[in-house]
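Fold and geometry: a report
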Amino acid sequence: GSVSLYLWQRSTFYDKARIDMNAWQLKWFTFDQSTISSRVVREVDTPGTPDASVLPHFNSFDVDEARLLLKIQTEDRNYILLAPSEKNFFAALRRLESVLNSQGKALKPSLSEVSDVLEVHQSLIELPKGSTKVASMLHILTFPVKAIIHLLVPDVRNAGAMSVILKAVVAAFASVGCLIVGSYAMVSTLEELAHILNVPESVVGATISAAGTSLPNYVSSSIAASLGLGNMAVSNLFGSNTFNILVGLGFPWLLYTTIYGIDYSEIPAEGINVSMLAMIISHIVFTVTVLISRFELRLWHAYVYFTLYVVFIGYIIGDSIY
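Before going into details, it helps to say that this report is about the structure given with it.

Calculation notes
- Residues numbered from 1 in each chain as written.
- Predicted model: local features only at pLDDT ≥ 70, side-chain atom pairs only at ≥ 80, totals over all residues.
- Heavy atoms only, no water.
- Helix = DSSP H or I, 4+ residues; strand = E, 2+ residues; numbered from the N terminus.
- Contact = heavy atoms within 4.5 Å.
- Phe/Tyr/Trp six-rings, centres within 6.5 Å; stacked < 30°, edge-to-face > 60°.
- Buried < 20%, exposed > 50% of the residue type's maximum accessible area, 1.4 Å probe, protein only.

**Let's talk about the environment of serine 102**
- Mapped onto the elements, serine 102 comes out in helix α2 (residues 86-102).
- For the pair serine 102 and threonine 35, spaced 67 residues apart in sequence, the C-alpha separation works out to 9.4 Å.
- With sequence-adjacent residues up to four places away left out, serine 102 is seen in contact with Gln33 and Ser34.

And the structure:
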């Protein structure tokens, strides 16, 4: 008979993208006498959801019992599976051996660590292995910044004399400090550069400055998405915008009005109305598209959002010129 169980499978996208972060999908695997099929576990099945996919024939597989990992080796690619429990792990292991036996390939699985599943962490100050000339040049140019971060922010992934919790707290505050100093230096530099080049500050703020200050959000959301935490990635974006508006603007105004006892009225209205309108439209478009797709982010969403951003940047630059 067949055996069905839950297993985590590493995402094909992140295998092909060669990103050293692990992204996993929970799948319902069915092991028959000679075939293995799987289907993605979803809270709600939507129209167009593909049926179960069948794994191609394989010649061998590796086992990492300590981490409950299985690596099935086929001609096209490797399938990395993670069992949620020892019971599922050994059940899948027995069925893999049975499938091999049914194919006349009674090979003994290799009992080794599935090392390519683990994240490979490289030091910030070391030259990336196998890097291109462009990557090496970028590493050299950014080495002073990398060295400062390497010295100030402790690596929570490595064990040491400091406890993990204390190291995480120190790393969090040090990271925030680096962001504050870096953001202040970037904004001051861009403001001075705008005056020298006679470029309106609204253009610089809506383009280069906005992109630069949003890079931390981009990195954190990308990491969350690569770990399969889509909700966290989207919530981080909306939470950061809410924080920027309510705290990033509200707190300095609170301090100013409290200290000086007068209203702050030195904000130029140039470009603010357009930026606010663009923000409102982008939020409406995002909400509508997500509702239409039943809270699934798809490729055509990316095209829509990127096109809207290009139109916004083009309008900002064109309005400043003409």
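**So, the environment of isoleucine 149**
- Within the secondary structure, isoleucine 149 sits in helix α4 (residues 143-152).
- In this structure, the C-alpha to C-alpha distance between isoleucine 149 and isoleucine 125, residues 24 residues apart in sequence, is 9.5 Å.

**So, the packing of aromatic side chains**
- According to the stated counting rule, one finds six aromatic pairs in the structure shown.
- For the ring pair phenylalanine 29 and phenylalanine 31, a centre distance of 6.3 Å and an interplane angle of 25° mean the geometry is stacked. By the burial criterion, phenylalanine 29 is buried, and phenylalanine 31 matches it.
- Aromatic rings pair up to connect Phe238, Phe286 and Tyr305 into one cluster.

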